[in-house]
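Geometric and topological summary
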There are 2 protein chains.
Amino acid sequence: MSSMKQIVQCVPNFSEGRDLKKIEKIVEPFRAKDGVKLLDYQNDEDHNRAVVTVVGEPEPLKEAVIEAMGLAVELIDMRQHQGQHPRMGATDVVPFIPVKHVTPQEAIQISKDVASQVADKYNLPVFLYEKSAATPARQNLAAIRQGQFEGMAEKIKLPEWKPDYGPAQIHPSAGATAIGARMALVAYNVNLDTGNFEIADRIAKQVRHISGGLRYCKGIGIELKDRGIVQVSMNMSDYTKTALYRVFELIRIEARRYGVNVVGSEIIGLVPMEALIETAAYYLGLEDFSMEQVLETRIWE
Amino acid sequence: MSSMKQIVQCVPNFSEGRDLKKIEKIVEPFRAKDGVKLLDYQNDEDHNRAVVTVVGEPEPLKEAVIEAMGLAVELIDMRQHQGQHPRMGATDVVPFIPVKHVTPQEAIQISKDVASQVADKYNLPVFLYEKSAATPARQNLAAIRQGQFEGMAEKIKLPEWKPDYGPAQIHPSAGATAIGARMALVAYNVNLDTGNFEIADRIAKQVRHISGGLRYCKGIGIELKDRGIVQVSMNMSDYTKTALYRVFELIRIEARRYGVNVVGSEIIGLVPMEALIETAAYYLGLEDFSMEQVLETRIWE
């Protein structure tokens, strides 16, 4: 209960989803360090990939990430790696997410500190992505990773794909890594009282950014066959700018033209408190409300 | 960021609102102790009363409350005390409120531990109130405190007002104290687009418990003269059972019969995160949502 502790979240993805002993070794630095808390880690055998969720104060968190990346360099050989998920490195991608008393700018600085140190320490090429990207072409992870580990050996020699840190050649066994700051992702789905997939698909296109919708919303229609209904399945990539209630109400409005109702919604995985408190504040029409009025923010600030 | 820390809130009221030096001395134990955090303290000169808001882990919080009550016994003489607010003791009332990983039963036990210890240590009569009350007649603080400090000297000798701990006579200078467990109070007001006080007054009567409304809602109508509107001003005494959205929607429904609209609402002071997250979950129709999905509960559990 000390004062104004800064908290950052990190969700590193490692290219090992089958050898649990290796995964245990890689996450060990997240268990061992004061000021760092391992929230979750999950491996996927088909993807051959492990996704780790960890939070902590900036300095110990940076140290733990650097150590874990060192273990990934030691333990994972990309030349032997097969899996369904696109990947380019032993540590494939490392996003840093501001949680408490951390600005996006500070999260960018943290990502650059880690990128610079792992490049030097492990002779690893690093691309800065998302909010840390030096150019718009590097904001999108998929664009950086295109060609994957196998194609990166040649791609990285192109002037336009010179890495931001480290050598302009892949690490022979560990490939290359993308590191950057981004906002918290919220996986948010809205369910409709119809089995007609076409309707979910159309509404997804109406509300998502790429086809004319809300700036920080990605979405597709999907069928929930066991329930006989369809869903607009979304990733909200900055809830501070594209609020959950806004996309929920917009889907309700779009559904109306098909005579369809929203029957409910769901959040998959973790959601920052503020995303839901902002939603409550909208529906209650709260006047002059501040997050400082939330007891928990006062206890743990 | 240790695991599953229990957190209790305490809001002791001391009968000193004018001598700031005395107040500083009384709150000192809340500043000094590891595992205890002083969130707020406010004095009111007219009431001649100070209200302290503190949170902490059960053991250090109990110790700090007992120390602060000892200082109040030393520093406050009720024989000299005048003020507008009803009061019966130097430490007038001490509610304990469960916040995290604490059951109402545990909060009751904490209140009894403190009551027993301060009764012994300071020869102070203590009444258990609210959820800690031994009988329904003692649940209500106002009933216990009726007659105030001046009347308590005789009242406490009556068999039905024998204190739960300590002697059946007031402490000569410190009077008597009520200690108990209660749920968090949320001060919640809903604003109407009319200047007609009568409408706020009627709606308050329709939604509050005492006159037929919701179980954990107290309310009155008030005028906001500078805005030319009226307000239903409420105390929600258990948001886990009477949700904020329920009283908000009920007021909207009642207002309709007068052709009046709700223009907004406001929360005064602190509110537990869960009260607003439950509200968001209602409006979004969240399916299978758990508080464990809130990032902050995972960071600080």
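The following paragraphs examine the structure supplied in this document. Predicted, not measured: the structure shown is a model, and the values here were computed from it. (Residues numbered from 1 in each chain as written. Chains lettered and ligands numbered in written order. Predicted model: local features only at pLDDT ≥ 70, side-chain atom pairs only at ≥ 80, totals over all residues. Heavy atoms only, no water.)

Here the focus is the relation of the copies chain B and chain A. The operation linking the two copies of the chain is a rotation about an axis combined with a translation along the axis. Once chain B is rotated about the relating axis by 180 degrees and shifted along it by 0.0 Å, it coincides with chain A to within an RMSD of 0.1 Å. Put plainly, the chains are arranged around a two-fold axis. Among all residues of chain B, the minimum C-alpha distance to the rotation axis is found for Ala-280 of chain B, at 2.2 Å. A share of 100% of interface residues in chain B that are also interface residues in chain A marks the association as one of identical surfaces. (Least-squares fit on C-alpha atoms with pLDDT ≥ 70 in both. Contact = heavy atoms within 4.5 Å.)

Residue and element names in this part refer to chain A. Of all five residues that make up strand β7 (residues 177-181), five are buried, and the element is covered over most of its length. Here β7 shows no split at all, with Thr-177, Ile-179 and Ala-181 on one side and Ala-178 and Gly-180 on the other all buried. Where strand β5 (residues 91-100) and β7 come together, four bridges link them in parallel fashion. In the strand pairing of β7, Val-94 is matched with Ile-179. (Buried < 20%, exposed > 50% of the residue type's maximum accessible area, 1.4 Å probe, protein only. Helix = DSSP H or I, 4+ residues; strand = E, 2+ residues; numbered from the N terminus. Pairing = 2+ DSSP bridges.)

Think of it this way: side chains of opposite charge can pair up when their charged atoms draw near. Residue and element names in this part refer to chain A. Summed over the entire model, instances satisfying the criterion amount to 34 salt bridges over all chains. The residue Lys-157 makes a salt bridge to Glu-154 at a minimum N-O spacing of 3.6 Å. With relative accessibility at 53%, the residue Lys-157 sits in the exposed group. A residue is classified by how much of its surface remains accessible, and Glu-154, at 54% relative accessible area, is exposed. (Salt bridge = Lys/Arg side-chain N within 4 Å of Asp/Glu carboxyl O.)

For the rest of this paragraph, the subject is the interface of chain B and chain A. The interface of chain B with chain A comprises 49 residues on the first partner and 49 residues on the second. Of the roughly 4400 Å² buried between chain B and chain A on both sides combined, carbon and sulfur atoms contribute 64%. Taken together, the connections running from chain B to chain A amount to four salt bridges. With a closest N to O distance of 2.9 Å, Arg-227 of chain B and Glu-287 of chain A form a salt bridge. (Buried area = accessible area lost by both parts, 1.4 Å probe.)

All names here are of chain B. Closest axis-to-axis distance for the helix α7 (residues 244-256)/helix α8 (residues 273-283) pair is 8 Å, and the angle between their directions is 60 degrees. By the angle between their axes, α7 is oblique relative to α8. Contacts between α7 and α8 pair Leu-244, Tyr-245, Phe-248 and Glu-249 from the former with Ala-275, Leu-276, Glu-278, Thr-279, Tyr-282 and Tyr-283 from the latter. For the contact of α7 with α8, the class distribution of residues is seven nonpolar, one polar and two charged. (Axes fitted to C-alpha atoms, helices over the stretch in contact; angles between N-to-C directions. Parallel < 35°, antiparallel > 145°, perpendicular 65-115°, else oblique. Nonpolar A, V, L, I, M, F, W, Y, C, P; charged D, E, K, R; others polar.)

Residue and element names in this part refer to chain A. Spatially, the four strands line up as an open sheet ordered β9-β10-β8-β11, and their pairing is antiparallel. Of all the strands in the sheet, just β9 (217-224) and β11 (262-268) have a single pairing partner and so form its edges. Sheet twist, expressed as the average angle between the axes of neighbouring strands with direction ignored, equals 20 degrees. Pairing analysis gives seven bridges linking strand β8 (residues 186-192) to strand β10 (residues 229-236), with the strands arranged antiparallel.

Here the focus is unusual backbone geometry. For Asn-48 of chain A, which is not glycine, the phi torsion reads 50 degrees and is therefore positive. A relative accessible area of 6% places Asn-48 of chain A in the buried class. Even without glycine at this site, Gln-148 of chain B takes up a positive phi of about 55 degrees. Structurally, Gln-148 of chain B can be placed in helix α5 (residues 148-155).

This part is about the packing of aromatic side chains. Under the counting rule described, the total for this entry stands at nine aromatic pairs over all chains. Aromatic side chains Tyr-245 of chain A and Tyr-282 of chain A sit 4.1 Å apart centroid to centroid with 5 degrees between the ring planes, which places their arrangement in the stacked category. A residue pair is termed long-range when its members are at least 10 positions apart, and Tyr-245 of chain A in helix α7 (residues 244-256) and Tyr-282 of chain A in helix α8 (residues 273-283) qualify at 37 residues. For Tyr-245 of chain A, a relative accessible area of 11% corresponds to the buried category. Between Tyr-245 of chain B and Tyr-283 of chain B, the ring centres sit 6.4 Å apart and the planes meet at 75 degrees, which makes this aromatic pair edge-to-face. With Tyr-245 of chain B in helix α7 and Tyr-283 of chain B in helix α8, the pair connects residues that are 38 residues apart, well separated along the chain. With relative accessibility at 11%, the residue Tyr-283 of chain B sits in the buried group. Three or more aromatic residues joined by ring pairs make a cluster, and in this case those are Tyr-245, Tyr-282 and Tyr-283 of chain A together with Tyr-245, Tyr-282 and Tyr-283 of chain B. Positioned over the ring face of Tyr-216 of chain A is Arg-215 of chain A, at 4.6 Å from the centre of the ring. Sitting over the ring of Trp-161 of chain B, Lys-155 of chain B keeps its end group 4.3 Å from the ring centre. (Phe/Tyr/Trp six-rings, centres within 6.5 Å; stacked < 30°, edge-to-face > 60°. Lys NZ or Arg CZ within 6 Å of the ring centre and 35° of its normal.)

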